[in-house]
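# Architecture and fold: a report
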Amino acid sequence: MTQQHKEDICMHGGEDRSLHYGAVVPPIYQNSLFVQDVSHTEASRFSYTRSSNPTIEAAEVKIAQLEMAEAARCFSSGMAAISASILHHVGQQDHILAARGIYGPTHVFLAQYLKRFGIETTFVDGWCAEDFEKAARPNTKLVYLESPGYGVFRILDLRGIAEWANSRGIVTVIDNTYSTPFFQNPLQMGVKIAVHSATKYLGGHSDIVAGAMAGSSDAMQTIALQERSLLGACMDPHQASLLTRGIRTLPIRMRQHQESAMRIAMFLESHPKVARVHYPWLPSHERHELARTQMCGCSGLLSFELKDTSVDYGGFRSKLHVFGYGPSWGGFESLMMDFRLSEADAAEMAIPYGLIRLSIGLEHPDSLLEELETALTEV
Ligand SMILES: *Cc1c(COP(=O)(O)O)cnc(C)c1O
């Protein structure tokens, strides 16, 4: 079978109009309960929305196809998917290996929360299988990855790390939010589970908080029955419908995010006040070549460091008007954030002091360049 184009999956994957009177947009099954029609021999596949619902399932099939996974499940948020993927694989006295420089709340969940249950995490500073192997213990049950990572977008050798972990029977989970399944398919490189904050590019319109997970049918089914159902981390049908709508435009959005981000990354790199730009698609990125072998494109999230970190960051922010100041990213709107962590936190999270992060939205790139230029000149 020829490989399905991702654009076609985004438009039509997981949808069957014949089930809905030909409606081109699947309806929202805004109901908690499905009663069984006792006169029919075939029972409804659905019973209770905490377990599943046709609107949620439509989004799940699309995401599974995009990730080239056997199955996918949606969650109430990215953190719900992440915590479920981790909790499912560990128990008392188990050990986790995680990449350093991952999403902050995930780091806190691993480093602090899980300690209550006697589960310890070692954060690995390196990028390849040998670095993870050195930190492994006999009780290591899970390798948790994020590539590109958070902050400076470190690239990990996904094929190498997955091959090593698989040979040791250790489960691998990756946060694939940065790339989305449109630009990177970790399961094709041997990673077992991909998790997403669908709040970001998959949703794409900053109007939902949502999460997703993709992997084998068995793993997805068990996690849905256990962590998702028992901890109540289920998606709401209305949220699922907005997610499906967001995914339809994923390909064109991602191409535009990349094109604009690349222009801005190159502009910043040539600016005399900028010390370093972090963007995996720049040839100057530490592991640009590796990134090219794992990703087929790069998102709109980049960061940079000023040569002088004693500048007035508030003054810099006040010169930006198209860029909103705030957390999150992956929506249509451009955003900036600066990170001025204590030395200890900066080292723990692998975020250099004074790092400025830009989420490049879908505005005209000239508008973004112009105001960045002004802000940099005046700072
Ligand atoms: C935002 C984010 C999350 C958390 O997702 P929520 O939907 O906010 O729970 C996880 N990982 C990454 C990389 C993120 O950016």
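Scroll up to find the structure this text is about.
Values in this document were obtained by computation on a predicted structure and should not be read as measured data. (Residues numbered from 1 in each chain as written. Predicted model: local features only at pLDDT ≥ 70, side-chain atom pairs only at ≥ 80, totals over all residues. Heavy atoms only, no water.)

What follows is about the site of the ligand. Taken together, the neighbourhood of the ligand is formed by 13 residues, with Gly-78, Met-79, Asp-175, Thr-199 and Lys-200 sitting nearest. Residue Asp-175 places a side-chain N or O atom 2.6 Å away from a nitrogen atom belonging to the ligand. In this structure, Ser-197 approaches the ligand through a side-chain N or O atom, which is 2.9 Å from an oxygen atom. Considered on its own, the ligand offers 380 Å² of accessible surface; in the complex 91% of this is hidden by protein. For the shell around the ligand, the leading source of residues is helix H3 (residues 78-87), giving three residues. A class-by-class count of the residues in the shell around the ligand yields five nonpolar, five polar and three charged. (Near = heavy atom within 4 Å. Polar contact = N/O pair within 3.5 Å; in protein donor to acceptor, adjacent residues only side chain to side chain. Areas by Shrake-Rupley, 256 points an atom, 1.4 Å probe, with all protein chains shown as cover. Helix = DSSP H or I, 4+ residues; strand = E, 2+ residues; numbered from the N terminus. Nonpolar A, V, L, I, M, F, W, Y, C, P; charged D, E, K, R; others polar.)

A few words on the sheet that holds strand E10 (residues 324-325). Ordered in space as E8-E9-E12-E11-E10, the five strands form an open sheet in which the pairing is mixed. In this open sheet, the two strands that pair with only one neighbour each are strand E8 (274-278) and E10. The pairing of strand E9 (residues 301-306) with strand E12 (residues 355-359) spans four bridges and is classified as antiparallel. Bridged to Ser-303 within E12 is Arg-357. Contacts between helix H10 (residues 250-269) and the sheet are confined to E8, E9 and E12, with E9 contributing the most and set at about 10 degrees to the helix. (Pairing = 2+ DSSP bridges. Contact = heavy atoms within 4.5 Å. Axes fitted to C-alpha atoms, helices over the stretch in contact; angles between N-to-C directions.)

Our focus in this paragraph is helix H9 (residues 237-248). The end-to-end C-alpha distance of H9 is 17 Å, a good match for the 16 Å that twelve residues give at a rise of 1.5 Å each. Regarding H9, the residues found buried are Pro-237, Gln-239, Ala-240, Ser-241, Leu-243, Thr-244, Gly-246, Ile-247 and Arg-248. In this fold, the buried residues of H9 make contact with helix H1 (6-12), helix H2 (54-66), strand E1 (71-75) and H10. (Expected span 1.5 Å × (residues − 1). Buried < 20%, exposed > 50% of the residue type's maximum accessible area, 1.4 Å probe, protein only.)

It is worth spelling out the pairing of strand E2 (residues 95-99) at this point. Of all five residues that make up E2, five are buried, and the element is covered over most of its length. Relative to strand E3 (residues 120-124), E2 runs parallel, the two being bridged by five bridges. What sits directly across from Ala-98, in E3, is Phe-123. The handedness of the E2 to E3 crossover, carried by helix H4 (residues 104-111), is right-handed. (Right-handed = clockwise from strand over helix to strand, strands pointing away.)

Attention now moves to the pattern of salt bridges. Between side chains of opposite charge, a pair can form when the charged atoms approach closely. Applying the stated criterion to the full structure yields 15 salt bridges. Across the salt bridge formed by Asp-207 and Arg-245, the nearest N and O atoms sit 3.8 Å from each other. Linking Asp-207 in the loop between strand E6 (193-197) and strand E7 (211-215) with Arg-245 in helix H9, this pair joins segments that are 38 residues apart in sequence. The closest approach of N and O atoms between Asp-338 and Arg-317, which form a salt bridge, is 3.1 Å. Taken as a pair, Asp-338 in strand E11 (residues 335-339) and Arg-317 in helix H12 (residues 313-318) lie far apart in primary sequence, 21 residues in all. (Salt bridge = Lys/Arg side-chain N within 4 Å of Asp/Glu carboxyl O.)

The interhelical angle for the contact between H2 and H9, taken along N-to-C directions, is 35 degrees, at an axis separation of 8 Å. In this structure, H2 meets H9 at a crossing whose hand is left-handed. When H2 is examined against H9, the residues Thr-55, Ile-56, Ala-58, Ala-59, Lys-62, Ile-63 and Leu-66 are found in contact with a partner set consisting of Pro-237, Ala-240, Ser-241, Leu-243, Thr-244, Ile-247 and Arg-248. (Left-handed = near helix turned anticlockwise from the far one by under 90°.)

This brings us to a nonpolar patch on the surface. Among the surface-exposed residues, Leu-33, Val-35 and Tyr-48 lie close enough to one another that they form a single nonpolar patch of about 330 Å² accessible area. Mapped onto the secondary structure, Val-35 falls in the loop between H1 and H2. The exposure class assigned to Val-35 is exposed, which follows from its relative accessible area of 69%. (Patch = residues over 30% accessible without salt bridge, like charges linked within 9 Å, V, L, I, M, F, W, Y side chains within 5 Å.)

On to the packing of H3 against H4, then. The interhelical angle for the contact between H3 and H4, taken along N-to-C directions, is 30 degrees, at an axis separation of 11 Å. If you check the angle between H3 and H4, you find them roughly parallel. The element H3 and its partner H4 pack so that their crossing is right-handed. Taken together, the residues of H4 that come into contact with H3 (itself represented by Met-79, Ile-82, Ser-83, Ile-86 and Leu-87) are Pro-105, Thr-106, Phe-109 and Leu-110. Residue composition of the contact of H3 with H4, grouped by class: seven nonpolar, two polar and no charged. (Parallel < 35°, antiparallel > 145°, perpendicular 65-115°, else oblique.)

Residue position: Leu-355 is located in strand E12. Leu-355 sits in the buried class, given a relative accessible area of 0%. A sequence separation of 196 residues divides Leu-355 from Arg-159, and the C-alpha atoms of the two residues are 29 Å apart. The residues touching Leu-355, leaving out its near neighbours within four places in the chain, are Gly-151, Val-152, His-278, Ser-303, Phe-304, Glu-305, Met-337, Asp-338 and Phe-339.

Residue placement: His-107 occurs in helix H4. Among all residues touching His-107, those that are not within four sequence positions of it are Arg-100, Ile-102, Gln-112, Phe-123, Glu-348 and Met-349.

All right, on to the environment of Phe-183 then. With respect to the element layout, Phe-183 can be found in helix H7 (residues 180-183). The exposure class assigned to Phe-183 is buried, which follows from its relative accessible area of 5%. With 114 residues separating them along the chain, Phe-183 and Gly-297 place their C-alpha atoms 5.0 Å apart.

Before going further, it helps to examine the sheet that holds strand E4 (residues 140-146). Across the sheet, seven strands lie side by side as E1-E7-E6-E5-E4-E2-E3; this open sheet has mixed pairing. On the outer flanks of this sheet lie E1 and E3, each paired with one strand and no other. With direction set aside, neighbouring strand axes in the sheet form an average angle of 20 degrees. Those strands touched by H2 are E1 and E7, and its axis lies near 130 degrees from that of E1. In the packing of H4 onto the sheet, the strands contacted are E2, E3 and E4, and the crossing angle to E3 comes to about 135 degrees.

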